[in-house]
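# Fold and geometry: a report
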Amino acid sequence: MQLASYPDGAIAARDFRIATAYVPELGEGQVLVRLRRLGLNAGLANRIGGPDTAYGPGIRPGDVPASDGVVEVVESRSEAFGPGDLAVRKSPWRSIDVADAGELRAIPEPDPDVPLEAHLTVLGHVGFTAYTGMMRFGAVRTTDTVFVSGAAGGVGSCAVQFAKAVGATVIGSAGSPKKVRLLGELGADAAFNHHEGPALELLRAAAPEGIDLFYDNVGGEQLEAALEELHFGGRVVICGAASQYGKGTDSRGPANYTRMIHRQLVMRGFDVTHNEDLRPDFEADASNWLRAGKIRSIHTAIDGFDRTAEAFASLLCGGNIGRMIVDCDG
Ligand SMILES: NC(=O)c1ccc[n+]([C@@H]2O[C@H](COP(=O)([O-])OP(=O)(O)OC[C@H]3O[C@@H](n4cnc5c(N)ncnc54)[C@H](OP(=O)(O)O)[C@@H]3O)[C@@H](O)[C@H]2O)c1
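About the thresholds
- Residues numbered from 1 in each chain as written.
- Predicted model: local features only at pLDDT ≥ 70, side-chain atom pairs only at ≥ 80, totals over all residues.
- Heavy atoms only, no water.
- Domains from an automatic or database assignment.
- Contact = heavy atoms within 4.5 Å.
- Buried area = accessible area lost by both parts, 1.4 Å probe.
- Salt bridge = Lys/Arg side-chain N within 4 Å of Asp/Glu carboxyl O.
- Polar contact = N/O pair within 3.5 Å; in protein donor to acceptor, adjacent residues only side chain to side chain.
- Nonpolar A, V, L, I, M, F, W, Y, C, P; charged D, E, K, R; others polar.
- Core = buried A, V, L, I, M, F, W, Y, C linked by side-chain atoms within 4.5 Å.
- Buried < 20%, exposed > 50% of the residue type's maximum accessible area, 1.4 Å probe, protein only.
- Helix = DSSP H or I, 4+ residues; strand = E, 2+ residues; numbered from the N terminus.
- Near = heavy atom within 4 Å.
- Areas by Shrake-Rupley, 256 points an atom, 1.4 Å probe, with all protein chains shown as cover.
- Pairing = 2+ DSSP bridges.
- Right-handed = clockwise from strand over helix to strand, strands pointing away.

Going by what an unreviewed UniProt entry lists, the chain is known as NADP-dependent oxidoreductase and is assigned to Paeniglutamicibacter antarcticus.

Next up, the structure:
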(Lines give C-alpha, C1' and ligand atoms only; values in the text may rest on other atoms or scores of the structure.)
Protein backbone atom coordinates (compact mmCIF):
# COMPACT_ATOMS: atom_id res chain seq x y z
CA MET A 1 0.00 0.00 0.00
CA GLN A 2 1.62 3.25 -1.08
CA LEU A 3 0.79 6.93 -1.08
CA ALA A 4 -0.66 7.62 -4.54
CA SER A 5 -0.78 11.42 -4.39
CA TYR A 6 -0.66 14.23 -1.88
CA PRO A 7 -4.08 14.79 -0.31
CA ASP A 8 -6.19 17.68 -1.54
CA GLY A 9 -7.56 18.70 1.88
CA ALA A 10 -8.23 15.98 4.46
CA ILE A 11 -6.43 12.67 3.91
CA ALA A 12 -8.76 10.17 2.23
CA ALA A 13 -8.53 6.50 1.26
CA ARG A 14 -8.25 7.53 -2.43
CA ASP A 15 -4.86 9.11 -1.67
CA PHE A 16 -3.42 5.57 -1.39
CA ARG A 17 -3.21 2.65 -3.81
CA ILE A 18 -2.31 -1.01 -3.68
CA ALA A 19 0.70 -1.86 -5.84
CA THR A 20 2.09 -5.30 -6.63
CA ALA A 21 5.76 -5.67 -5.76
CA TYR A 22 8.41 -8.26 -6.45
CA VAL A 23 9.46 -10.14 -3.28
CA PRO A 24 13.25 -10.56 -3.34
CA GLU A 25 15.12 -13.81 -2.55
CA LEU A 26 15.95 -14.23 1.13
CA GLY A 27 19.52 -13.33 2.06
CA GLU A 28 21.43 -14.85 4.98
CA GLY A 29 19.87 -13.65 8.28
CA GLN A 30 16.60 -12.66 6.60
CA VAL A 31 13.04 -13.90 6.99
CA LEU A 32 9.92 -13.80 4.82
CA VAL A 33 7.04 -12.51 6.93
CA ARG A 34 3.28 -12.33 6.51
CA LEU A 35 1.55 -9.34 8.07
CA ARG A 36 -1.15 -10.48 10.55
CA ARG A 37 -2.09 -7.21 12.33
CA LEU A 38 -1.14 -3.64 11.45
CA GLY A 39 -1.42 -0.80 14.00
CA LEU A 40 -2.05 2.68 12.58
CA ASN A 41 -0.80 5.99 14.00
CA ALA A 42 -2.42 9.37 13.44
CA GLY A 43 1.06 10.93 13.68
CA LEU A 44 1.89 9.46 10.24
CA ALA A 45 -0.39 12.12 8.74
CA ASN A 46 2.08 14.78 9.83
CA ARG A 47 4.76 13.18 7.66
CA ILE A 48 2.65 13.05 4.48
CA GLY A 49 4.17 15.85 2.44
CA GLY A 50 5.82 16.94 5.68
CA PRO A 51 9.36 17.02 7.01
CA ASP A 52 11.54 14.15 8.15
CA THR A 53 10.97 13.46 11.88
CA ALA A 54 12.46 11.24 14.57
CA TYR A 55 9.81 8.65 13.60
CA GLY A 56 10.84 8.52 9.95
CA PRO A 57 11.23 10.55 6.78
CA GLY A 58 8.53 12.63 5.12
CA ILE A 59 6.16 10.46 3.05
CA ARG A 60 5.93 11.19 -0.69
CA PRO A 61 3.85 9.67 -3.53
CA GLY A 62 5.16 6.18 -4.26
CA ASP A 63 6.41 5.69 -0.67
CA VAL A 64 5.11 2.81 1.44
CA PRO A 65 4.28 4.03 4.99
CA ALA A 66 5.32 1.91 7.97
CA SER A 67 3.87 1.38 11.44
CA ASP A 68 4.06 -1.37 14.02
CA GLY A 69 2.64 -4.75 13.09
CA VAL A 70 2.45 -8.36 14.23
CA VAL A 71 4.02 -10.63 11.62
CA GLU A 72 4.29 -14.39 11.17
CA VAL A 73 7.47 -15.90 9.77
CA VAL A 74 6.78 -17.90 6.60
CA GLU A 75 10.36 -18.77 5.57
CA SER A 76 13.59 -18.19 7.39
CA ARG A 77 17.30 -17.97 6.72
CA SER A 78 17.95 -16.92 10.32
CA GLU A 79 18.73 -19.13 13.31
CA ALA A 80 16.60 -16.85 15.49
CA PHE A 81 13.25 -17.56 13.76
CA GLY A 82 11.47 -20.49 12.17
CA PRO A 83 8.26 -20.76 10.16
CA GLY A 84 5.18 -20.04 12.28
CA ASP A 85 7.02 -17.79 14.76
CA LEU A 86 5.28 -14.55 15.65
CA ALA A 87 7.00 -11.21 16.14
CA VAL A 88 6.40 -7.47 16.28
CA ARG A 89 8.21 -5.16 13.87
CA LYS A 90 7.96 -1.69 12.42
CA SER A 91 6.21 -2.95 9.34
CA PRO A 92 5.95 -1.33 5.93
CA TRP A 93 2.32 -1.48 4.79
CA ARG A 94 3.01 -4.71 2.83
CA SER A 95 1.01 -7.91 3.22
CA ILE A 96 4.19 -9.94 2.69
CA ASP A 97 7.75 -8.71 3.10
CA VAL A 98 11.38 -9.65 3.56
CA ALA A 99 12.91 -8.45 6.83
CA ASP A 100 16.26 -8.71 8.56
CA ALA A 101 15.75 -10.97 11.59
CA GLY A 102 17.30 -8.27 13.79
CA GLU A 103 14.32 -5.98 13.07
CA LEU A 104 11.89 -8.43 14.68
CA ARG A 105 10.97 -8.47 18.37
CA ALA A 106 9.91 -12.08 19.03
CA ILE A 107 6.64 -12.96 20.76
CA PRO A 108 8.24 -16.00 22.42
CA GLU A 109 5.30 -17.98 23.81
CA PRO A 110 2.10 -16.56 22.36
CA ASP A 111 -0.67 -16.93 24.95
CA PRO A 112 -3.89 -18.17 23.32
CA ASP A 113 -5.85 -16.07 25.82
CA VAL A 114 -4.11 -12.86 24.71
CA PRO A 115 -5.36 -11.48 21.38
CA LEU A 116 -2.67 -10.66 18.81
CA GLU A 117 -3.88 -7.05 18.94
CA ALA A 118 -2.63 -6.73 22.54
CA HIS A 119 0.93 -6.79 21.17
CA LEU A 120 0.08 -3.51 19.41
CA THR A 121 -1.79 -1.97 22.36
CA VAL A 122 -1.20 -2.63 26.08
CA LEU A 123 1.89 -4.80 25.39
CA GLY A 124 3.11 -2.79 22.38
CA HIS A 125 4.44 0.59 21.34
CA VAL A 126 1.44 2.65 22.47
CA GLY A 127 1.45 0.80 25.80
CA PHE A 128 5.15 1.47 26.22
CA THR A 129 4.53 5.13 25.41
CA ALA A 130 1.75 5.39 28.03
CA TYR A 131 3.86 3.52 30.59
CA THR A 132 6.91 5.75 30.02
CA GLY A 133 4.85 8.94 30.31
CA MET A 134 2.75 7.83 33.27
CA MET A 135 5.40 5.99 35.32
CA ARG A 136 8.70 7.65 34.53
CA PHE A 137 7.77 11.26 33.74
CA GLY A 138 4.42 11.45 35.55
CA ALA A 139 5.65 9.37 38.53
CA VAL A 140 2.01 8.49 39.15
CA ARG A 141 1.06 7.70 42.76
CA THR A 142 -1.93 5.96 44.33
CA THR A 143 -2.99 9.24 45.93
CA ASP A 144 -2.97 11.19 42.64
CA THR A 145 -5.96 12.45 40.73
CA VAL A 146 -4.84 12.09 37.12
CA PHE A 147 -6.46 13.70 34.09
CA VAL A 148 -5.83 11.96 30.73
CA SER A 149 -6.83 13.78 27.51
CA GLY A 150 -7.49 11.80 24.31
CA ALA A 151 -8.24 9.04 26.81
CA ALA A 152 -10.08 6.71 24.41
CA GLY A 153 -7.27 6.73 21.83
CA GLY A 154 -4.47 4.19 21.50
CA VAL A 155 -2.08 5.74 24.04
CA GLY A 156 -4.82 7.32 26.16
CA SER A 157 -6.71 4.07 26.78
CA CYS A 158 -3.45 2.48 28.00
CA ALA A 159 -2.63 5.53 30.16
CA VAL A 160 -6.06 5.35 31.86
CA GLN A 161 -5.69 1.64 32.56
CA PHE A 162 -2.12 1.89 33.87
CA ALA A 163 -3.01 4.77 36.22
CA LYS A 164 -5.98 2.73 37.50
CA ALA A 165 -3.74 -0.34 37.88
CA VAL A 166 -1.56 1.59 40.35
CA GLY A 167 -4.66 2.78 42.20
CA ALA A 168 -4.87 6.45 41.16
CA THR A 169 -8.13 8.36 40.67
CA VAL A 170 -8.56 8.93 36.93
CA ILE A 171 -10.51 11.49 34.89
CA GLY A 172 -10.59 11.00 31.10
CA SER A 173 -11.72 13.12 28.16
CA ALA A 174 -12.86 11.82 24.78
CA GLY A 175 -14.81 13.00 21.76
CA SER A 176 -18.06 11.00 21.69
CA PRO A 177 -20.62 9.50 24.09
CA LYS A 178 -19.51 5.99 23.06
CA LYS A 179 -15.90 6.79 23.91
CA VAL A 180 -16.91 8.34 27.23
CA ARG A 181 -18.83 5.14 28.08
CA LEU A 182 -15.72 3.10 27.32
CA LEU A 183 -13.76 5.18 29.84
CA GLY A 184 -16.29 4.20 32.50
CA GLU A 185 -15.84 0.55 31.55
CA LEU A 186 -12.06 0.97 31.92
CA GLY A 187 -12.58 2.14 35.50
CA ALA A 188 -12.22 5.91 35.02
CA ASP A 189 -13.72 7.68 38.04
CA ALA A 190 -15.14 10.44 35.83
CA ALA A 191 -15.10 11.23 32.12
CA PHE A 192 -16.35 13.96 29.81
CA ASN A 193 -16.98 14.59 26.13
CA HIS A 194 -14.80 17.57 25.18
CA HIS A 195 -17.30 18.59 22.47
CA GLU A 196 -19.98 19.29 25.11
CA GLY A 197 -18.74 22.66 26.37
CA PRO A 198 -15.69 24.67 27.42
CA ALA A 199 -12.95 22.29 28.60
CA LEU A 200 -12.45 24.21 31.85
CA GLU A 201 -16.10 23.84 32.91
CA LEU A 202 -16.16 20.17 31.97
CA LEU A 203 -12.92 19.43 33.83
CA ARG A 204 -14.08 21.34 36.94
CA ALA A 205 -17.30 19.33 37.01
CA ALA A 206 -15.42 16.03 36.58
CA ALA A 207 -12.66 16.85 39.11
CA PRO A 208 -14.12 19.34 41.62
CA GLU A 209 -11.15 18.87 43.99
CA GLY A 210 -8.59 19.62 41.25
CA ILE A 211 -5.91 17.38 39.74
CA ASP A 212 -2.33 16.37 40.58
CA LEU A 213 -1.14 15.05 37.22
CA PHE A 214 -2.16 15.79 33.64
CA TYR A 215 -1.23 13.24 30.95
CA ASP A 216 -1.75 15.22 27.74
CA ASN A 217 -2.27 13.72 24.29
CA VAL A 218 -4.07 16.67 22.68
CA GLY A 219 -2.85 20.10 23.90
CA GLY A 220 -4.90 23.22 23.10
CA GLU A 221 -7.91 24.11 25.23
CA GLN A 222 -7.64 21.02 27.43
CA LEU A 223 -4.04 21.85 28.34
CA GLU A 224 -5.11 25.36 29.33
CA ALA A 225 -7.95 23.92 31.43
CA ALA A 226 -5.59 21.51 33.18
CA LEU A 227 -3.13 24.32 34.04
CA GLU A 228 -6.01 26.09 35.80
CA GLU A 229 -6.99 23.02 37.80
CA LEU A 230 -3.61 21.57 38.83
CA HIS A 231 -2.77 21.66 42.53
CA PHE A 232 0.32 23.40 43.84
CA GLY A 233 3.36 21.39 42.65
CA GLY A 234 1.26 19.58 40.04
CA ARG A 235 2.81 17.79 37.06
CA VAL A 236 2.04 17.86 33.32
CA VAL A 237 3.36 15.19 30.96
CA ILE A 238 3.27 16.24 27.31
CA CYS A 239 2.89 13.05 25.28
CA GLY A 240 1.26 14.57 22.20
CA ALA A 241 -0.67 17.56 20.91
CA ALA A 242 -3.21 16.05 18.49
CA SER A 243 -5.31 19.23 18.44
CA GLN A 244 -2.35 21.20 17.09
CA TYR A 245 -1.18 18.78 14.38
CA GLY A 246 -1.37 20.05 10.82
CA LYS A 247 -1.63 23.69 11.98
CA GLY A 248 1.95 24.51 11.01
CA THR A 249 2.92 27.96 12.22
CA ASP A 250 -0.65 28.47 13.57
CA SER A 251 0.06 25.87 16.26
CA ARG A 252 -0.35 27.50 19.72
CA GLY A 253 0.90 26.76 23.22
CA PRO A 254 -1.12 27.47 26.38
CA ALA A 255 -1.92 31.18 26.85
CA ASN A 256 -2.04 30.72 30.65
CA TYR A 257 1.40 29.15 31.08
CA THR A 258 2.25 31.66 33.82
CA ARG A 259 0.07 29.51 36.13
CA MET A 260 3.20 27.35 36.26
CA ILE A 261 5.05 30.05 38.19
CA HIS A 262 2.66 30.62 41.07
CA ARG A 263 1.62 27.00 41.41
CA GLN A 264 5.17 25.67 40.91
CA LEU A 265 3.96 23.32 38.21
CA VAL A 266 6.32 21.07 36.28
CA MET A 267 5.68 20.41 32.58
CA ARG A 268 7.72 17.68 30.94
CA GLY A 269 7.70 16.44 27.35
CA PHE A 270 9.08 13.06 26.38
CA ASP A 271 9.83 10.90 23.37
CA VAL A 272 9.39 7.21 24.09
CA THR A 273 12.25 6.24 21.76
CA HIS A 274 14.81 7.57 24.26
CA ASN A 275 13.54 5.32 27.07
CA GLU A 276 14.39 1.77 26.01
CA ASP A 277 15.99 1.10 29.41
CA LEU A 278 12.46 1.13 30.88
CA ARG A 279 11.21 -1.64 28.57
CA PRO A 280 11.89 -4.60 30.93
CA ASP A 281 9.87 -2.89 33.71
CA PHE A 282 7.07 -2.18 31.21
CA GLU A 283 6.99 -5.75 29.93
CA ALA A 284 6.89 -7.18 33.46
CA ASP A 285 4.21 -4.80 34.77
CA ALA A 286 1.99 -4.88 31.66
CA SER A 287 1.99 -8.68 31.42
CA ASN A 288 1.28 -9.01 35.16
CA TRP A 289 -1.61 -6.53 34.93
CA LEU A 290 -2.94 -8.31 31.84
CA ARG A 291 -2.81 -11.72 33.54
CA ALA A 292 -4.49 -10.26 36.63
CA GLY A 293 -7.33 -8.88 34.45
CA LYS A 294 -6.48 -5.27 35.41
CA ILE A 295 -5.90 -4.15 31.81
CA ARG A 296 -7.08 -5.27 28.37
CA SER A 297 -6.49 -4.49 24.72
CA ILE A 298 -8.68 -1.61 23.54
CA HIS A 299 -8.76 -1.47 19.78
CA THR A 300 -10.94 -0.99 16.72
CA ALA A 301 -10.30 -3.77 14.20
CA ILE A 302 -10.87 -3.33 10.47
CA ASP A 303 -10.83 -6.55 8.45
CA GLY A 304 -8.64 -6.82 5.36
CA PHE A 305 -5.23 -5.46 4.41
CA ASP A 306 -6.81 -3.83 1.35
CA ARG A 307 -8.81 -1.59 3.75
CA THR A 308 -5.69 -0.11 5.38
CA ALA A 309 -6.13 3.30 3.70
CA GLU A 310 -9.82 3.41 4.68
CA ALA A 311 -8.87 2.55 8.28
CA PHE A 312 -6.21 5.27 8.28
CA ALA A 313 -8.62 7.92 6.99
CA SER A 314 -11.19 6.85 9.60
CA LEU A 315 -8.55 7.09 12.37
CA LEU A 316 -7.85 10.69 11.34
CA CYS A 317 -11.57 11.48 11.80
CA GLY A 318 -11.64 9.95 15.31
CA GLY A 319 -13.33 6.74 14.06
CA ASN A 320 -11.25 4.60 16.43
CA ILE A 321 -11.88 3.51 19.97
CA GLY A 322 -8.48 2.56 21.32
CA ARG A 323 -5.85 1.67 18.73
CA MET A 324 -6.91 1.42 15.09
CA ILE A 325 -5.74 -2.01 13.90
CA VAL A 326 -6.07 -3.71 10.53
CA ASP A 327 -6.68 -7.46 10.76
CA CYS A 328 -4.81 -8.74 7.70
CA ASP A 329 -5.74 -12.44 8.15
CA GLY A 330 -8.86 -12.32 5.97
N1 LIG B 1 5.72 11.17 23.05
C2 LIG B 1 5.83 10.03 22.39
O3 LIG B 1 6.86 9.36 22.40
C4 LIG B 1 4.62 9.55 21.61
C5 LIG B 1 4.58 8.26 21.06
C6 LIG B 1 3.42 7.85 20.39
C7 LIG B 1 2.35 8.75 20.25
N8 LIG B 1 2.48 10.01 20.75
C9 LIG B 1 1.39 10.99 20.67
O10 LIG B 1 0.41 10.56 21.58
C11 LIG B 1 -0.86 11.04 21.16
C12 LIG B 1 -1.84 9.89 21.15
O13 LIG B 1 -1.44 8.96 20.15
P14 LIG B 1 -2.43 7.77 19.75
O15 LIG B 1 -1.65 6.81 18.94
O16 LIG B 1 -3.15 7.33 20.96
O17 LIG B 1 -3.43 8.53 18.78
P18 LIG B 1 -5.02 8.39 18.66
O19 LIG B 1 -5.46 7.01 18.94
O20 LIG B 1 -5.38 9.03 17.36
O21 LIG B 1 -5.52 9.30 19.86
C22 LIG B 1 -5.43 10.70 19.83
C23 LIG B 1 -6.75 11.27 20.24
O24 LIG B 1 -6.67 12.70 20.22
C25 LIG B 1 -7.97 13.19 20.13
N26 LIG B 1 -7.99 14.39 19.27
C27 LIG B 1 -7.64 14.50 17.97
N28 LIG B 1 -7.80 15.76 17.55
C29 LIG B 1 -8.30 16.45 18.61
C30 LIG B 1 -8.69 17.81 18.81
N31 LIG B 1 -8.62 18.72 17.84
N32 LIG B 1 -9.14 18.18 20.05
C33 LIG B 1 -9.21 17.28 21.05
N34 LIG B 1 -8.87 15.97 20.91
C35 LIG B 1 -8.41 15.58 19.71
C36 LIG B 1 -8.86 12.12 19.51
O37 LIG B 1 -9.75 11.71 20.53
P38 LIG B 1 -11.33 11.98 20.45
O39 LIG B 1 -11.83 11.48 19.12
O40 LIG B 1 -11.82 11.18 21.57
O41 LIG B 1 -11.50 13.45 20.59
C42 LIG B 1 -7.89 10.96 19.28
O43 LIG B 1 -8.46 9.72 19.59
C44 LIG B 1 -0.66 11.67 19.78
O45 LIG B 1 -0.60 13.05 19.94
C46 LIG B 1 0.67 11.10 19.33
O47 LIG B 1 1.32 11.96 18.44
C48 LIG B 1 3.57 10.41 21.44
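That covers the picture; the talk isn't over yet.
Domains assigned within the chain are domain 1 (2-116 + 297-327) and domain 2 (125-274). Measuring from the centre of the C-alpha atoms in domain 1 to the corresponding centre in domain 2 gives 28 Å. Opposite the 10 residues of domain 1 that make contact, domain 2 presents 16 residues. Here domain 1 meets domain 2 over a buried area of about 980 Å², counting both sides, of which 61% is carbon and sulfur. Between the two partners, domain 1 and domain 2, sit 0 salt bridges. Here domain 1 and domain 2 share 3 residue pairs in polar contact (both at pLDDT 80 or more) between them. Of the residues in the side of domain 1 that touches domain 2, the class split is 4 nonpolar, 4 polar and 2 charged.

On to the nonpolar core, then. With 42 residues, the main nonpolar core has Met134, Val148, Val160, Phe162 and Tyr215 as its most contacted residues. Looking at this core, the elements with two or more residues in it are α1 (125-137), β8 (145-148), α2 (154-165), β9 (169-174), α3 (177-185), β11 (211-216) and α7 (279-291). The dominant element in this core, judged by the number of residues it contributes, is α2, at 7 residues. Taken together, domain 1 (2-116 + 297-327) and domain 2 (125-274) each give at least three residues to this core, which thus spans both. Residue contacts for tyrosine 215: discarding those within four places in its chain leaves Thr129, Ala130, Gly133, Met134, Phe147, Val148, Ser149, Val155, Ala159, Val237, Cys239 and Phe270. The next biggest cluster of nonpolar side chains, apart from the first, holds 29 residues, and it includes Phe16, Leu40, Ile302 and Met324.

Another aspect to go through is the site of the ligand. Taken together, 24 residues sit near the ligand, with Val155, Gly175, Lys179, His194 and Val272 positioned nearest. A distance of 2.7 Å separates an oxygen atom of the ligand from a polar atom in the backbone of glycine 175. Between lysine 179 and the ligand, the recorded distance is 2.7 Å, taken from a side-chain N or O atom to an oxygen atom. For the ligand, whose unbound accessible area comes to 910 Å², protein coverage reaches 81%. Split into classes, the residues belonging to the shell around the ligand amount to 12 nonpolar, 10 polar and 2 charged. For the shell around the ligand, the domains that each give at least three residues are domain 1 (2-116 + 297-327) and domain 2 (125-274).

This next bit is on helix α8 (residues 308-316). Given 3.6 residues to a turn, an α-helix orients residues that are three or four positions apart in the same direction. By the burial criterion, the buried members of α8 are Thr308, Ala309, Ala311, Phe312, Ala313 and Leu315. Structurally, α8 contributes buried residues whose contacts are with β2 (16-17), β3 (30-40), β14 (299-303) and β15 (323-327). Backbone geometry just after α8 places glycine 318 at a positive phi near 75°.

Let's shift gears to the pairing of β9. The side chains of a regular strand alternate between the sheet's two faces. Among the 6 residues of β9, 5 are classified as buried, and the element is accordingly described as predominantly covered. Judged from the 4 bridges that link them, β8 and β9 form a sheet pairing that is parallel. Directly across from threonine 145, in β9, lies its bridge partner threonine 169. In terms of handedness, the path from β8 via α2 over to β9 forms a crossover that is right-handed. Regarding the hand of the β-α-β motif, the stretch spanning β9, α3 and strand β10 (residues 190-193) is right-handed.

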